[in-house]
Amino acid sequence: MGLKAYEKEDYNEAIGLFKQALTLPGTGLKQYRDKPAIASDGEKISAYYNIACCLSRTGNIHDGLLALLEALQMGYEDFDQLRQDPDLEAIRADSKFEPLMSRFQKVNRQNILQSFIGNLKNPLQR
């Protein structure tokens, strides 16, 4: 529903729906019969990303950066998309955008390297 409002350029309505999605039961793997249904991290990342896009379109750069920060902190890592998505154009123009990207790209590169090194086996160990 949020995406439909977004497509109609009703960004404020879309923001409300995406925020509401953060509080609704999820549809992903975290739904088990014996546990309360919650939104998955991927669903939350998507909602925060879409909120950032809407806020960028409305010119609310500060809150858009905060929503983008939430998505990044939860694990969003498609930095090429962040740099190319036309919906984030106004946010990218802000002087805080590149330092934010640099901070998370550095962390992402470190995590990838640590994962790679952690998977290497020492040939001297049996």
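Whatever comes next refers back to the structure up there.
Analysis parameters
- Along every chain, residues carry numbers that run from 1 in the direction the sequence is written.
- With pLDDT at 70 or above as the cut-off, local features in this predicted model cover only qualifying residues; side-chain atom pairs require 80 or more to be listed or tallied, and sums for whole chains, interfaces and linings still use all residues.
- Here the side-chain values reflect all heavy atoms present in the structure, with hydrogen atoms and water set aside.
- Here a strand is any run of E in DSSP of at least two residues, a helix any run of H or I of at least four, and the numbering for each starts at the N terminus.
- Note on exposure labels: buried denotes an accessible area under 20% of the residue type's maximum, exposed denotes more than 50%, and partly exposed covers the range between, all computed with a 1.4 Å probe on protein chains only.
- Note on definitions: a residue-residue contact is assigned when non-hydrogen atoms from the two residues lie within 4.5 Å.
- Planes of paired rings set the category: under 30 degrees apart is stacked, over 60 is edge-to-face and the rest tilted, where pairs are Phe, Tyr or Trp rings (Trp by its six-membered ring) whose centres lie within 6.5 Å.

Draft legend 1. Geometry of the overall build of the chain. Of the regular secondary structure elements, the chain holds seven helices and zero strands. The helix and strand sequence of the chain, counted from the amino end, reads α-α-α-α-α-α-α. Evaluated residue by residue, the chain yields a buried proportion of 33% over its 126 residues. Considering only intrachain contacts with a sequence separation of at least 6, the fraction spanning at least 24 residues in the chain is 54%.

Draft legend 2. Fine view of the packing of aromatic side chains. Evaluated as defined, the whole model comprises two aromatic pairs. Look at Y49 and Y76: their rings are 5.1 Å apart centre to centre, the planes differ by 25 degrees, and that puts the pair in the stacked class. Here Y76 lies in the loop between helix 4 (61–74) and helix 5 (79–84) and Y49 lies in helix 3 (residues 41–58), a separation of 27 residues in the sequence.

Draft legend 3. Spotlight on the environment of L88. Along the chain, L88 falls in the loop between helix 5 and helix 6 (89–92). Owing to a relative accessible area of 0%, L88 belongs among the buried residues under this scheme. Not counting residues within four places of it along the chain, the set of residues in contact with L88 comprises Y49, A52, C53, S56 and L82.

Draft legend 4. The environment of N12, seen in detail. With respect to the helices and strands, N12 occurs in helix 2 (residues 11–21). Residue N12 is classed as exposed on the basis of its relative accessible area, which comes to 60%. Taking C-alpha positions, N12 is 8.3 Å from L55, a pair spaced 43 residues apart along the chain.

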